[in-house]
Structure formats: C-alpha cells, structure tokens
Amino acid sequence: MSVERRVLVINGVERSFLCDSEDSLAEAIRNLGLTGTKIGCGAGQCGACNVILDGKLIRSCVRKMSKVKDHSSVITIEGLGTANNLHPLQLSWMVNGGVQCGFCSPGFIVSAKALLDENPKPTRSDVRDWFQKNRNACRCTGYKQLVDAVMDAAAVMRGEKTMEDLMRKAGSSDEKVFNTRHIRPAALGKVLGETDFGDDIAVKAEGAWHLAPVTSDVAHANILNIDYSEAEKAPGVRQIITAKDVKGMNRITWPVSSIFSKADGFERPILCDTKVFRYGDVIALVAADTRKQAREAAKLVKVEYELLLAYDTVLEAMAEDAQEIHPGIPNTFLYKPRYKGKDTREIFPEAAYVVEGSSSTTMQPHMPIEPESGQAFVDKDGTLTVMYKTHGVYTSKNLIAAGVGLEPDKIRIILNPAGGTFGYALSPGYAALLGVAALATNHLVTMTMSYEEHQRYTGKRPSSYTNGRLACDKDGKIIGQELHMAFDKGCYTELADMAGKAINFAGWPYNVPNILNLSSYTFTNRAFTTAYRAPLATDVFMNYEMLVDMMAEKIGMDPWDFRYKNVLREGEILPHGRKVANYNYTKLLDLAKPKYEELKKHAKENSTPEKQLGVGISIGGFTCGSVGDRAEIMLELNPDGTVTNFCTWQDVGQGGDVGALAFTHEALRPLGLTPEQIRLVLSDTGQCPNAGYSAGSRSNIMCGSATLDAADKLLKAMKKEDGTYRTYDEMVKDGIPTKYLGVYERDPNPFASGPDDVFDENIGYAVIAQEASVGVFVTEVEVDVATGKVRVLDMHVFSDIGTVVNYTSADGQAYGGMQHSIGYALSEDFRDMKKHVNLIGAGFTFIESVPDGDHYTVTYLEEPRMDDPYGAGGGAESFQSAGHISILNAVYNASGVRMTELPATPDKVKKALDDKAKGIKRKQEKYDIGDFYGILDYLKANPVYRTE
Ligand code: FES
Ligand code: FES
C-alpha cells in the first residue's frame, strides 16, 4: 500500500484526503463518506459507480486514483440535488417508477445528467443509445421507466414542464394512495444517494472487522487439509474462522417436507468441513482490520483437496454408475407424480392428434446489481444481530439457529436496504456466514462479496430437461397430457418443496381431463437452485406452451384460437385438482387479441428473407402464496396522532414499503391521515411481528389482510359513541391500548372441488392457493438469418393481478419480469465458472435487448379478488412465467426453426437456420431422464403415508 495525499474538487468543494494510489476513484470517493456512488460489478460493466470527471462520464470503479489528476472536478450523485431541492432527474426517477431497489439509480441519474449536459433535447433512442454505450445496467425496471424519466426531466430542464407537472403523474393525494402511482417512501433516499445499502454501512462501520471468504475453486472434493498459517501472519489479520469455530450444527436446517424425499434438508454446511460440493462454497472466513487486508490474507489460505467426480448435468448425475454426491442420499432424491383421469396410455393411441416434444432450460442467474453484503454483531445480552439482504427476516433466523448454535429468540435479523434479489435471497446462507463469524470473534463483522463470489455463492433458477406429449380430439380439445421433467437441484436441497410447482402448473390453465406427470429433483455439483420469479413454472411453460403451438399447427388452427378453445371456463378444475378464484383466461385472451393481430399483420408485411419477423403468444401465471399461511402486523397510534406500521413486509426492491403504506392508509381512511402521518418500521425481528417472507406473490394478500385486521381493531378501539375518534391522549386517559396486532390466517384447505379433492401427494393432488395471477404474452421478433441473432421488437403482457395496489410497483414487476424473460430466452446462463461469473459473461440483458415505448406494454385487467384485501392479488411471478416461450414461439413463426434449448443464443439459432436451409430435419432429442411410466407405476403401487 502506498499512501498519498490527494486533492479533488468534489461537487464543487475542494477536498483533500489520504488514499492508496492503487485505490479506484470509486473507493476513494466512498471512503470520504460519499457512498451514493455504488460499487456493483466492480468491473466496469454496470455503471452503478458512474461519476462525472472533468465533464466526462466515467465508471469510477475501474479508474485508478493514480490516473486521476489532482484538482480534477468530480460530480457525484450527492452533487445533484437535496431533499428540499431535487434535481429534475431525481424527481423524475421517483415519479416514473425508476426506483425499484434503487441500487442502480445514482449511477443512472449521474449518467443521464452527463447526457443532458451534452444533448438537452434527446430522443428516446438517444437516451437508450447513451445508456447502452455507457453500460448502465438495471435489473429491476425493464428500462422503459428510466427512459421516461430522462424525457420528463429534460422537458423540465427546457422549461416545457414543471416539477409540479411531474408530481401530478403520481396521481396520489392525501386522501388516496391505494391504487395510484404514489411514490414509494424509500425512493427519496435512493435518488439522493443517501440510502445506505450493505456496503455503504460497511464503509461507515467504525472498528468493524472485515471478512473475506475463502471459497472453493473446484466443483467437488474432499477437504484434506486447510493451512492458514501464512494467512494468520498477514498484516491486519485478527482471526480465521473455519468449521471448527462454529458452535452449532454448522448446517442450514431447511427441512424437505415431501413424503417422497430421500433427503432431510440438513446437508448444506455453513462453512465446509469435510467436503466442497460446488465452485464458490465457503471454506473459511478471514477477519482483518480492512477489507484489503482480509482479501490479501484469504489468498494465502491453502486448501488441500482430494478431487471427486463432479456432475455437471442431471443426465450425468442420474446415470446408474454415478456416485452419490451426498453419501447415503440418491442423487435423484425426490419425485413428484401426478395422476388425473384415465391412464394416458389408453388416451394417446385413440387421439385424433398427438404432438410430442422435448425441451431444456438453463440455470438462470438472478444478477442483481448489488453483490452480497452484510454485518453481524453480538449484543450485550448475547443476541446475535445480523443485517443483510433477505426476503424473510424470520425465515432466516429459524433456518440458521441450529446451525450457528443459538435458539431462534437469541437471533435478530434486520433487512438492510436491498439492491435487488428476485428470489435468491430467500436462502439464509449469507446470514449464517455472518452469524458464525460474529459469534466466533465476538466482534462487529462486515463482509461484501465481489461480484464473482456473489455469482458463485448464491442460488440460481433450476435448469431442467422435459419430455412432453399432448393429445387432442378431432375438434381440437385437449384430452390428455404427459410431462416428464427432471430438475437440476444443484448441490443442496434448499427450497426443495418447490418441486410441487412443476406438477401444479403442468397443463395450466387448460382444461385437461387426463394427465400423467412426473417431476424429479437431482443433485449435481452446480449452484444449488432456489426461488426466482415463477420458479419451475417457467420450465413447465417452456415445454407446454411449445406443445400447444405445435398442436395448433398440426390441427391447422391459429395458436390464439387453439388456446381460446382450451383454456378453463368458470368452474372447471385446474390440472392440480382445484378451482381457482378468478376464471379470467378468455377475458385476457380477448384483451390481447387486437395487439396479436396487429403484430401478425406487421410481421407479414415487413418480413424479408434476411430479416424474418414473426409473432408468438403464450399464457403463463402463478399462484399467490400458499394455503395455511399466516401473517401478523402491528399498528400503533402515536402521541402526535400518527400511526406506525410494524411489519416484516421485506422491501427487496419490489415495493414492500409502498405496499405497507398503501394498505395502512386505505384501511385508516376514517382517521383522515396523510401518507406522511403513517410511519413504517419494516423488517426487523427485534421490533416487528412476523408477517412471513416476501416472495411467492403472497405479500399483498397476507400483509394486506393482516393490516386490515389491525386497522379494524385500532379503529374500533378509537371510536367514540358519537362516531368520532379518540385522540392518543384520550386513549391513554381512558386506559385503552394504543397498539393492535393484526392477524391473517389462510384456510388450509380452500376451494374443495368434489370427491376427487383430497390432498394426497401420492397422486399429486395439491392443496394450493386458489388465487393466481395470469399473463398472456404477445411478442414479435426479428431473426437475422445471417447471424442467428434474435431481436425482440415488441413484447406485451395482458395481465390480471387483481386490483393493483401501486402501479409503479406493478409496472416494475411487469417490465422487469419481461426483461428477465428476454434474457432467459436468448442470452442468460450459468454453467461456465469462468465466463458466467460476471454480468456480460452471463449474458445480462442490457437496454438494447429490451423494447421501449409503445412496443413494450403492460395492460391490467384488474378483476378484484373477492376474498382478498381491497381486491388485490399478487403479481410478481406471473410476469416472468411464460414470456420466454412467447419469444421462442415467435422465432418459430418467423423462421420455421423451433428452438428447444435455453438460451437460444445466436450460434444455436444460426445452426438451426443453416440446417433448415440444407434441408436437414432436426429431431427433437428425447431426454434420457428415467423410465417415465415405470417410475409412475412404482410410485402408485407403493404409496407413502406419514405416520406422525
Ligand atoms: S461499472 Fe463500476 S461498479 Fe459496475
Ligand atoms: S432499480 Fe435498477 S437495479 Fe434495481
């Protein structure tokens, strides 16, 4: 380290400071406390660290201080505006829904400022080109809102609009917050760069010991020895924590409840002790005075391995001679069967039409812009406090308690402002790492992973292989389906109970009388797989919505007509054996029809032999939460007449904050509170009752309903005989409590639908939530025949998520979900442990890949959910459920090549086009994933029943 005194003019103020000449400009700025400049990728790929250096936009994470001249001018987000005097870009970002997780916002806003300094009147494509050229990456929004925000701000700066005009876009008022575009409360701090995300807290955590992980660089091995003698002697090192220092079981304890599971869910080590199971497993943590010291020392830890056979795919791990990855547990540790109606072996031979097809998906990385970061310490009463990014503060503490060696009530989890997760942060592994380190050192610890470490360490969307068949009668009515799916569970069972989703969605939302389905989970030596919008349903729809298109073609029907004929009508039973709350499928197809016809006409008129255009359609959806669920929230009347909502509605960027505000404001309307008079205390197990995790599209229903219950109790307690409401002082004087717990419990067995309707895992009848969100996707693509590159020209979702609680949040899920679907279909992957560990290598979806303006829309049907709070359902999952297959169906309709393996990268598409040109008939490979009928027959003949 070579220390230097440096001088920069930052936001107009001359600042002198000490730094290491090897520091990046981003590190130097952040060390001054200006943490609005974020570090995401740390590699010049995301623009989170954008600043304006001497009038030029740069990515400060890759600009060394040695290359920055003294007295240079630096403009950071902190130099743009203040809370009372916002820059138009900052306000515009807030009102246009540009802030979801908000981690990318400062970098985008600074980038947009540099653009407008150069070009005060940009077109939308100027804005898009600028963000593409400067590699501004956003994972949440789908980008459209960011372009809207720049256009609006530019108009204000030119004097064509006012700040008040922008504010009016929110459409909310003191009287009305619910069902508007009300600005989310967390947005202000994020556009100002003042919200402290995990690594910002680390920069300011005086005296903290910094942790660096020692991670596995092999896929599967026994650990023979760990030599940390050199590391211990390295400068600044305080302690090295290994499995021996863990006081508890050193396992994540996440039980698998399925009766068919051969694994109990306790196989994941917190710190690897005897084996590593994948690249990126954590073996030790080095604690040192500074992050650099910890990282340098971590490189000195030597791990001696005995390499074991590593399985990269389900097909390899399923082979008869494959060794067990977790000894004593078969690699395929879980089956889920589904039998409905007649045996399909009787149906298919008699069917007028049969189509058959196989497909495979890939592990999709979630790719938030913020890598993992968090802190932990032990309070004076011995309580372990962990602050990190999670979908479930209570879930985390329960899942790590035995592993770290504490009772759950001695653990407090607090959600740090979270830079996006999209599901992976349901996993509690990072909390466990921080927890064992804090307990072993009895010191405040903080750890931020590099982006590469984040990519390797966190869970991913599962990959899968599917063989499917569909049968129709002569009138084009579906009469039977078979779906055989094999999912890659990666190396650990976490969230293995999601396996049921595969059979629940097989055939959804069609009326299919006869069904045979089988899905399985198999261990491999890859990242463990976890939640991600519409988990497993994406794989089902990948195959099923392809078969539906193939069948339509075979019968000679339009794909829209075939779907319309076969979707469920009122009262019909879904493939999982249940009725649903809303039968909205024909309505959504009707809503989508004009756009579908318009795009087909456009494709027909504009397609050329070189650039072939085509339109695809698909239907997707997902259930909203689960049955038997429970949520609690607390409302408290404060002395100043305001009300505080204590709730664990985790805001991971989806808008938990504005959801909590909107329901509370609506429910307390008789009190006439303004939005500012409602305070939120969110996601701290030390202060809030347990509202459950925030995932699976459950929060609107669960947290909303519990809020209504608490509000009802509070209002009743406040109401006087004359119909007016007591003040806080009157409540106290009359001895009436000012705090009320709202509870909502879901019926464990709703919507029973007849004699067939028993929950029995042996036959695949599930008790699942009756509420669902639905999306019909209509997409137009252009296939470049010379390169195989597919461009999405138009993408539209027609959706019913019930009454919309907040439009900017819902839009964010919609556009963001479609953005992820485009990446899933065409570019994103996680297989190669060298290439796929950064954003560009993993095929991240930048702005140029996503349509804009009228070519990228969401239309809400808004059928109120009768039993749910103010008609609101949950929507996140549906927006990413089936967009990918609408793209692939469009590719087929454009070019005649059916892409069956994700991602459909240009090389694969080009090969398929070339084969077609040469007249080579491509056969869809049927995957060797086990004896479909044999396994189903065996499971049927050998049912399993719980004895407890
Ligand atoms: S470009 Fe600098 S953090 Fe990503
Ligand atoms: S709002 Fe852009 S990354 Fe989250």
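Structure: above.
Quick caveat, the model's predicted, so the values are computed rather than measured.

Visitor: Mind laying out the overall build of the protein chain, listing which residues take part and the relevant values?
Guide: The secondary structure content of the protein chain amounts to 26 helices and 30 strands. Across the 948 residues of the protein chain, 64% fall into the buried class. Of the contacts formed within the protein chain by residues at least 6 apart in sequence, a portion of 80% connects residues at least 24 apart. Carbon and sulfur atoms form 50% of the exposed surface of the protein chain, whose accessible area is close to 33100 Å². Here the protein chain carries 105 positive and 123 negative side-chain charges, and the mean point of each set is 3 Å from the other.

Visitor: A description of the sheet that holds strand β28 (residues 772–784) should follow, citing residues and the corresponding values.
Guide: Ordered in space as β23-β28-β29-β30, the four strands form an open sheet in which the pairing is mixed. The sheet is open, and its two edges are formed by β23 (611–623) and β30 (856–860), each paired on a single side. Between one strand axis and the next, the sheet turns by 15° as a mean value, whatever way the strands run. With 13 bridges connecting them, β23 and β28 associate as antiparallel partners. Residue pairing across strands places K611 opposite D784, the latter belonging to β28. Where helix α19 (residues 585–606) meets the sheet, its contacts fall on β23, β28, β29 (790–800) and β30, and the angle it forms with β23 comes to roughly 165°.

Visitor: How would you sum up the nonpolar core? Please name residues and give values.
Guide: Judged by nonpolar contacts, the single largest core of 217 residues is most densely connected at W93, Y143 and L433. The dominant element in this core, judged by the number of residues it contributes, is helix α17 (residues 537–555), at twelve residues. If we skip the residues at most four places from it in the chain, Y143 touches F108, N136, A137, C138, Q819, F844, T845, F846, I847 and V850. Counting 34 residues, the second-largest nonpolar core is a separate cluster that includes C624, A710, A711 and Y740.

Visitor: Can you explain the side chain of R251? Please cite residues and give values.
Guide: For R251, the location among the structural elements is in strand β9 (residues 251–252). Polar side-chain contacts of R251 include one of 3.2 Å to the side chain of D273. Residues within four places of R251 in sequence aside, it is in contact with F266, E267, R268, P269, I270, D273, L399 and G403.

Visitor: I'd like to hear about the packing of aromatic side chains, residue by residue, with values.
Guide: Counting across every chain of the model gives 26 aromatic pairs. Relative to F523, the ring of F333 has its centre 4.4 Å away and its plane inclined at 25°; by these criteria the two rings are stacked. Placement of F333 in strand β14 (residues 332–340) and of F523 in strand β22 (residues 515–523) is noted, with a sequence separation of 190 residues between them. Just as F333 is buried, F523 falls in that class too. Measuring from ring centre to ring centre gives 6.1 Å for F505 and F541, while their planes differ by 70°; the resulting arrangement is edge-to-face.

What counts and how
- Residues numbered from 1 in each chain as written.
- Chains lettered and ligands numbered in written order.
- Predicted model: local features only at pLDDT ≥ 70, side-chain atom pairs only at ≥ 80, totals over all residues.
- Heavy atoms only, no water.
- Helix = DSSP H or I, 4+ residues; strand = E, 2+ residues; numbered from the N terminus.
- Buried < 20%, exposed > 50% of the residue type's maximum accessible area, 1.4 Å probe, protein only.
- Contact = heavy atoms within 4.5 Å.
- Areas by Shrake-Rupley, 256 points an atom, 1.4 Å probe, with all protein chains shown as cover.
- Lys, Arg positive; Asp, Glu negative; His and termini not counted.
- Charge placed at Lys NZ, Arg CZ, Asp CG, Glu CD.
- Pairing = 2+ DSSP bridges.
- Axes fitted to C-alpha atoms, helices over the stretch in contact; angles between N-to-C directions.
- Core = buried A, V, L, I, M, F, W, Y, C linked by side-chain atoms within 4.5 Å.
- Polar contact = N/O pair within 3.5 Å; in protein donor to acceptor, adjacent residues only side chain to side chain.
- Phe/Tyr/Trp six-rings, centres within 6.5 Å; stacked < 30°, edge-to-face > 60°.

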